[in-house]
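# Fold and geometry: a report
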Amino acid sequence: MNNMDIEAVVSKMTTEEKIRLVVGVGVLGAFGNPEPKVSGAAGETAEIERLGIPKTVLADGPAGLRIDPERKNDERKYHATAFPVETMLASTWNRDILKKVGKAMGKEVREYGVDILLAPAINIHRNPLGGRNFEYYSEDPYLTGEMAASFVEGVQSEGVGACIKHFVVNEQETNRMTIDTIVSERALREIYLKPFEIAIKKAKPWTVMSSYNKMNGSYTSQNRWLLKKVLRDEWGFEGFVMTDWFAGDNAAQQIMSENDLLMPGNTYQIFKNRRPEIEEIKEAYEKGEITDEMLNERVKTILRVLVNTPAFKGYKYSNSPDLEAHAKVSYEAGSEGVVLLKNDNTLPVNEATKIALFGTGQIETIRGGTGSGETHPQYTISFLDGLLEKGLNVDKELAEFYRNKIAEFRKTDYVITKGQWGEDIVPRLPQDIISQEEIEKIAERNDLGIYILTRISGEGVDRKLEKGDFYLTDDEFSLIKKLSETFRSKGKKFVMVLNIGSPIEIESWKAFCDAIILVWQPGQEAGRILADILIGKINPSGKLPTTFPKRYEDVPSRSFPGEPRENPAVVVYDEDIYVGYRYYDTFRIDPAYEFGFGLSYTKFEYKDLQIQQLGNKITVSFTVENAGKCSGKEVAQVYVRAPRGKIDKPYQELKGFEKTKELQPGESQRISIEIQIPDLASFDGNCWKVEPGRYEIRVGASSRDIRLTGYTEIM
Ligand code: BGC
């Protein structure tokens, strides 16, 4: 079907059929709705057989295709690869890797009979307690937009669609379906809309998902200014917009606001206060509120995308994507996303180093978060198994103790049960379970102690400012202290590994460790990645895409998660544009680890900065040299500091970055980064403005490790 055909088909469609096409078919396999074409997919569009319009399949999500690995009366397994969570992908700062991951996911989407992947999620890390932060890239809109664009390009190069979500200002889970986010137009444009704008302009995603929340009083899925004026008129978006699942409260309003597709459809089956969307739309149509033209436009917009799907093209999918090849992509992405936070002459170690591995996370390794961002891979290599497989010298007796202890816990007081959506409810295991006497013996017979700390979160709930979440439990704290003291008293080192999805408090205990490795939630290859980092087969090259504050009290988004506190109805983004490092740098607050930070086993030197301005373009060139003893990659970052003008500006903003190739000791690479002058603008009142004056160009290894500075004058 081409564009001509679309006109012809739409002219043949009855109003009834048009309305059916703008509403999904409902939660699959329940309430008498159709059985899913692909089990575990999130939704389907309606089939209109008479006109040759097939159903199309939409499935999550950001860390890998989320479908059911098992099907009724079917021996076959339908596993998809678990990649690192988005925050870890962003820690690579590597556009090529994002593209590769997108491509691999795109192939799985296509080969499993899915048409549109409900990823990437590109909301902002406004607050470290955001329950879905792991599904989002960064606190910075530029980094987010760049990562998203590369990922979308990868996915769509495989002939399937991507969906950038959740549009927009959906930075929390608390009351996510009703919360009203109050935000200034400046913060909206510069921080929250920016990643969407970048991804749309660079990568043309097939679809956008509007969010659950309200924005300045109206649901985003019912906001014509957002979906028409900004998205289509200003940015030129040509794909279709779908609602988030069950979002909003007025189907007719959604159609009138140019939210093309209402998902998953039949919301009334779950939300008793709603009526069938189809009925609501029909009523509005009969009253003349929804015109033929409006309805036709929505249908055409949807069809223009759907004609490109594998389903429309009658693609014969194999159900057997190359999982082995994709496991390698997952490993590669993870290996570039690990962030080394601290290293006092401790790492790397060698294969012979005797390692005592502590913490239940060595076996119950967290590959990713829960909810729609969850994955069902063939396997997850635990940290313990990864170290063993790679031949590291792990204390077997201690490992055995953990294996037995965990098995016993899970059979007795800490049984894993199922929640209302069939999700696992996993009680936290005690950590301080080894006597001091035993620790002494273990420290005696090993060279290095490693404690693996885990955290998990997911859709529907925000994280908690409590022990066991943002803070350590007493139990974790006492174990860490004991391990640190005992190992150090014997002249041995103690390392912490953080298997987490979003920042935790580190400041109060970081002095206890000789090294800290942030492995995030690294997907199915977890253990292999950690093993190779420990022995230096991989030189860490990840950098933080989000600030780790010293104290929660330092976080600028104090209004999180809204008012009234017990049951928020409204959240005011009153920190405005001062999100993440924009706040910490401008208001001179020292974080525990700043945006852009990450250590390496080698050192890099920066030199020979050149700045050229030609027309609308500033070209920033410089050389990065590996001045250390082993090979490695560096993420070079360019921040711009605006002159003092009429508009308040943050201290500095990220405007460019590049990851070097693997540089051998002594090797250098010339890097050249282009900045468009309009991208230095601020949104002032009702338009973008670049104030004239002397702009400082700041090149460095992190937001607070600036190595080269220069100036350019903008007239
Ligand atoms: C989530 C979306 C997801 C959708 C379908 C919603 O609850 O917010 O991110 O794509 O479910 O699973």
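The structure contained in this document is the topic of the report that follows. (Residues numbered from 1 in each chain as written. Predicted model: local features only at pLDDT ≥ 70, side-chain atom pairs only at ≥ 80, totals over all residues. Heavy atoms only, no water.)

### Quick notes on the sheet that holds strand E18 (residues 570–572)
Here four strands make up an open sheet; going across it, the order is E8-E7-E5-E18 and the pairing mixed. Of all strands in the sheet, those with a lone pairing partner are strand E8 (218–219) and E18, marking the two edges. Bridge count between strand E5 (residues 180–182) and E18: three bridges; the pairing is parallel. Within the sheet, the bridge partner assigned to Thr181 lies in E18 and is Val571. (Pairing = 2+ DSSP bridges. Helix = DSSP H or I, 4+ residues; strand = E, 2+ residues; numbered from the N terminus.)

### Quick word on the pattern of salt bridges
Within the structure shown, the criterion is met by 71 salt bridges. A salt bridge links Lys229 to Glu234, with the nearest nitrogen and oxygen atoms 2.7 Å apart. We classify Glu234 as partly exposed; its relative accessible area is 33%. Through salt bridges with shared partners, one network takes in Lys103, Lys107, Arg110, Glu111 and Glu158. (Salt bridge = Lys/Arg side-chain N within 4 Å of Asp/Glu carboxyl O. Buried < 20%, exposed > 50% of the residue type's maximum accessible area, 1.4 Å probe, protein only.)

### Regarding the environment of Ser559
Position of Ser559 relative to the elements: it lies in the loop between helix H18 (526–534) and E18. When its relative accessible area of 12% is taken as the criterion, Ser559 is described as buried. Those residues in contact with Ser559 that sit more than four places away from it in its chain are Arg126, Arg565, Val571, Val572, Asp574 and Glu575. At 2.5 Å, the side chain of Ser559 forms a polar contact with the backbone oxygen of Val572. (Contact = heavy atoms within 4.5 Å. Polar contact = N/O pair within 3.5 Å; in protein donor to acceptor, adjacent residues only side chain to side chain.)

### Description of the layout of surface pockets
Here the second largest pocket defines a volume of roughly 630 Å³. Taken together, 26 residues form the lining of the second largest pocket, with Tyr142, Glu146, Lys194, Ile198 and Asp679 sitting closest to its centre. Among the elements that line the lining of the second largest pocket, the one with the most residues is strand E22 (residues 653–659), at six residues. When its residues are assigned to classes, the lining of the second largest pocket shows ten nonpolar, three polar and 13 charged. (1 Å grid on protein atoms, 1.4 Å probe; cavity = no way out; pocket = protein on both sides within 12 Å on 5 of 7 lines; lining within 4 Å. Points joined across faces, edges and corners; volume = space filled by probe spheres on them. Nonpolar A, V, L, I, M, F, W, Y, C, P; charged D, E, K, R; others polar.)

### Overview of the nonpolar core
The tendency in soluble globular proteins is for nonpolar side chains to be buried as a group. Counting residues in hydrophobic clusters, the biggest one holds 82 residues, and the most contacted among them are Phe167, Val168 and Tyr192. The element best represented in this core is helix H5 (residues 141–156), accounting for eight residues. Residues in contact with Val168, not counting those within four places in the same chain, are Leu188, Tyr192, Leu193, Phe196, Ser211, Asn213, Met215, Thr220 and Leu226. Ranked by size, the runner-up nonpolar core spans 66 residues in total, among them Ile452, Cys513, Ile516 and Trp520. (Core = buried A, V, L, I, M, F, W, Y, C linked by side-chain atoms within 4.5 Å.)

### A closer look at the pairing of strand E21 (residues 635–641)
Taking burial as the measure, the seven residues of E21 include six buried ones, the bulk of the element. Pairing geometry for E21 and E22, over six bridges, is antiparallel. Of the residues in E22, the one forming a bridge with Gln637 is Phe657. Relative to strand E26 (residues 693–702), E21 runs antiparallel, the two being bridged by five bridges. Paired with Gln637 across the bridge in E26 is Gly700.

### Describing the site of the ligand
Residues in close proximity to the ligand total 14 residues, the closest being Asp60, Arg132, His166, Asp244 and Glu459. Here Arg66 contributes a side-chain N or O atom positioned 3.4 Å from an oxygen atom of the ligand. A distance of 2.8 Å separates an oxygen atom of the ligand from a polar side-chain atom of Arg132. A breakdown of the residues in the shell around the ligand according to their chemical character gives five nonpolar, two polar and seven charged. (Near = heavy atom within 4 Å.)

### Here's the deal with empty space enclosed by the protein
Taken as a whole and assessed by the stated rule, the structure comprises four cavities of 30 Å³ or more. Considering only enclosed or pocket space, the largest cavity measures out at about 110 Å³ in volume. Considering the residues around the largest cavity, the lining is formed by 15 residues, among which His125, Pro128, Glu139, Thr546 and Thr547 are closest to the centre. Of the residues assigned to the lining of the largest cavity, the class counts are six nonpolar, seven polar and two charged. If you add up the space inside the second largest cavity, you get close to 60 Å³.

### A word on the packing of aromatic side chains
Within a pair of aromatic rings, the relevant descriptors are the distance that separates the centres and the angle that separates the planes. Taken as a whole and assessed by the stated rule, the structure comprises 23 aromatic pairs. With a centroid separation of 6.0 Å and an interplanar angle of 85°, the aromatic rings of Phe358 and Phe487 are classed as edge-to-face. You can see Phe358 sitting in strand E11 (residues 354–358) and its partner Phe487 sitting in helix H17 (residues 474–489), a full 129 residues away along the chain. Of the residues examined, Phe487 reaches a relative accessible area of 0% and is grouped as buried. Between Phe409 and Tyr414, the aromatic rings sit 5.1 Å apart at their centres with planes inclined by 80°, giving edge-to-face as the arrangement. On the basis of relative accessible area, Phe409 is assigned to the buried category, the value being 9%. Over the aromatic face of Tyr711 sits the side chain of Arg694, whose NZ or CZ is 3.8 Å from the ring centroid. (Phe/Tyr/Trp six-rings, centres within 6.5 Å; stacked < 30°, edge-to-face > 60°. Lys NZ or Arg CZ within 6 Å of the ring centre and 35° of its normal.)

### Focus: the environment of Ala149
As for its placement among the helices and strands, Ala149 is situated in helix H5. What makes Ala149 buried here is its relative accessible area of 2%. Sequence separation of Ala149 and Gly26 is 123 residues, and the distance between their C-alpha atoms is 30 Å. Filtering out sequence-adjacent residues up to four positions away, Ala149 remains in contact with Ala199, Lys202 and Ala203.

### Let's talk about the packing of helix H6 (residues 185–192) against helix H7 (residues 194–203)
Interhelical geometry of H6 versus H7 gives an angle of 45° and a closest axis separation of 5 Å. Considered as vectors, H6 and H7 are oriented oblique to each other. Across from Leu188, Arg189, Glu190, Ile191 and Tyr192 in H6, the residues of H7 making contact are Lys194, Pro195 and Phe196. In the contact of H6 with H7, the residues fall into five nonpolar, no polar and three charged. (Axes fitted to C-alpha atoms, helices over the stretch in contact; angles between N-to-C directions. Parallel < 35°, antiparallel > 145°, perpendicular 65-115°, else oblique.)

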